[in-house]
Amino acid sequence: MRKQVIAGNWKMNGDSGFITELVNGIIKESTDLNNIDIIFIPPAIYASKVIELTVTSNIAVGLQNVYFESKGAYTGETSTEMAKDIGASHILVGHSERRQYYGETNEWVSKKTSCVLNNSLTPIVCLGESLEQRESGKLEEVLGAQLSEGLFHLSADDFSKVIIAYEPVWAIGTGKTASPEQAQEVHAFIRNLIKEKYGDTVSEKIIIQYGGSVNDKNAKELLGQADIDGALVGGASLKVDGFSAILKEANNL
Ligand code: PGA
């Protein structure tokens, strides 16, 4: 059975005080949760601090973005090597906000994913369709292209180290979640494309998280679906009670 992986994507939120309280609060609530993997994904500037605060816990820390070059004249960017140097273990790649606001393409996703894997960190690669794409019947085409152009250049060995996060864009930060059935249907579709490309062993192993307005009320049903192996949580990961409740639901499955 695949392990549930729950990640909190804090986006551009928080300050030192808020983050200290959030991390300490969640650590306290999650000490006995041994069946799941937990990842905090803070703003890059606070990542070292979060790593220090979590050092005695089994919570991993990731960054929300990296550039695919290792160093040089790229003002404002952070390299995977730097992320690794401070002790981060996961990197979010191709989040829909990066695709939408910063023009991140499938090609960049492919370069960033390779770079993260080459540095032995774990990429969490986000896929998802907009409402317009879903309503015009393009869901399978969009997800197929995101997978084939962003990830299918990888060897089977490398691909099996990737975490995928399916996040329908229309469900992010909107309070509109995909129904458990809708989400399961898309997760099964994604897993099947992976099976066609890499075979049974890889497709059965790969973690596919769901993201988009996950909260303590809907987590149990979503995470209980056969092909949903965890959640990428935005808004609800900024509250000790809400996020801890999601972690407990996942741990109890
Ligand atoms: P949300 O964000 O939970 O606030 O919808 C999820 C995400 O963007 O990763």
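Look a little higher up for the structure.
Residues numbered from 1 in each chain as written. Predicted model: local features only at pLDDT ≥ 70, side-chain atom pairs only at ≥ 80, totals over all residues. Heavy atoms only, no water.

Turning next to helix 5 (residues 106–118). Compared with the 18 Å implied by 1.5 Å per residue over 13 residues, the 18 Å span of helix 5 between its first and last C-alpha is a close match. Turning to helix 5, its buried residues number three or more, namely N106, V109, S110, K112, T113, S114, C115, V116 and L117. Looking at the buried residues of helix 5, the elements they touch are helix 3 (80–86), strand 4 (90–93), helix 4 (96–102), strand 5 (122–127), helix 7 (139–150) and helix 8 (156–159). Taken from the residues just after helix 5, S120 is the one with a positive phi, measuring 60°. (Helix = DSSP H or I, 4+ residues; strand = E, 2+ residues; numbered from the N terminus. Expected span 1.5 Å × (residues − 1). Buried < 20%, exposed > 50% of the residue type's maximum accessible area, 1.4 Å probe, protein only. Contact = heavy atoms within 4.5 Å.)

Okay, the nonpolar core next. Among the nonpolar cores identified, the biggest contains 66 residues, and I6, L151, F159, I164, I190, I194 and Y210 are the most heavily contacted of them. Looking at this core, the element that brings in the most residues is helix 9 (residues 180–198), giving 7 residues. Contact partners of I6, with chain neighbours within four places excluded, come to D37, I38, I39, Q209, L223, G230, A231, V233, F243, I246, L247 and A250. With 11 residues, the next largest nonpolar core counts V5, A7, L92 and I124 among its residues. (Core = buried A, V, L, I, M, F, W, Y, C linked by side-chain atoms within 4.5 Å.)

So, on to the pairing of strand 3 (residues 60–63). Direction of pairing for strand 2 (residues 36–41) relative to strand 3: parallel, over a ladder of 2 bridges. Its bridge partner lying in strand 3, F40 is registered against V61. This β-α-β element, strand 2 to helix 2 (residues 47–53) to strand 3, shows right-handed connectivity. The β-α-β motif built from strand 3, the intervening helix 3 and the parallel element strand 4 has right-handed crossover chirality. (Pairing = 2+ DSSP bridges. Right-handed = clockwise from strand over helix to strand, strands pointing away.)

Taken as a whole, this structure holds 16 salt bridges when the rule is applied. For E104, the salt bridge is made with R98, and the minimal N-O distance between the two is 3.3 Å. In this structure, the salt-bridge partner of D200 is K195, at a minimum N-O distance of 3.7 Å. Residue classification places K195 among the partly exposed positions, given a relative accessible area of 39%. One continuous salt-bridge network, built from bridges that share partners, spans R2, R191, E204, D227 and D229. (Salt bridge = Lys/Arg side-chain N within 4 Å of Asp/Glu carboxyl O.)

By way of backbone hydrogen bonds, the strands of a sheet pair with one another, either parallel or antiparallel. Reading around the circumference, 1-2-3-4-5-6-7-8 is the order of the 8 strands in this closed barrel, with parallel pairing throughout. Neighbour-to-neighbour, the strand axes of this sheet turn through a mean angle of 25°, independent of strand direction. Inspection of the sheet shows strand 1 (residues 4–9) paired to strand 8 (residues 230–233) by 4 bridges, in the parallel sense. Opposite G8, over in strand 8, you have V233 as the bridge partner. Contacts between helix 12 (residues 240–251) and the sheet are confined to strand 1, strand 2 and strand 8, with strand 1 contributing the most and set at about 170° to the helix. (Axes fitted to C-alpha atoms, helices over the stretch in contact; angles between N-to-C directions.)

Bringing the pairing of strand 4 into the picture now. Where burial is concerned, the two faces of strand 4 agree: the one with H90 and L92 and the one with I91 and V93 are both buried. In this structure, strand 3 lies alongside strand 4, joined through 2 bridges in parallel fashion. Counterpart to G62 in the pairing with strand 4 is H90. Bridging between strand 4 and strand 5 involves 4 bridges; their strand directions are parallel.

On to the site of the ligand. With respect to spatial proximity, 13 residues lie near the ligand, and among them K11, H95, E167, G173 and S213 are the closest. Within the side chain of E167, a nitrogen or oxygen atom sits 2.7 Å from an oxygen atom of the ligand. In the model, an oxygen atom of the ligand is placed 2.7 Å from a nitrogen or oxygen of the S213 main chain. Out of a free accessible area of 280 Å², the ligand has 95% covered by protein chains. Residues belonging to the shell around the ligand are distributed by class as follows: 4 nonpolar, 7 polar and 2 charged. (Near = heavy atom within 4 Å. Polar contact = N/O pair within 3.5 Å; in protein donor to acceptor, adjacent residues only side chain to side chain. Areas by Shrake-Rupley, 256 points an atom, 1.4 Å probe, with all protein chains shown as cover. Nonpolar A, V, L, I, M, F, W, Y, C, P; charged D, E, K, R; others polar.)

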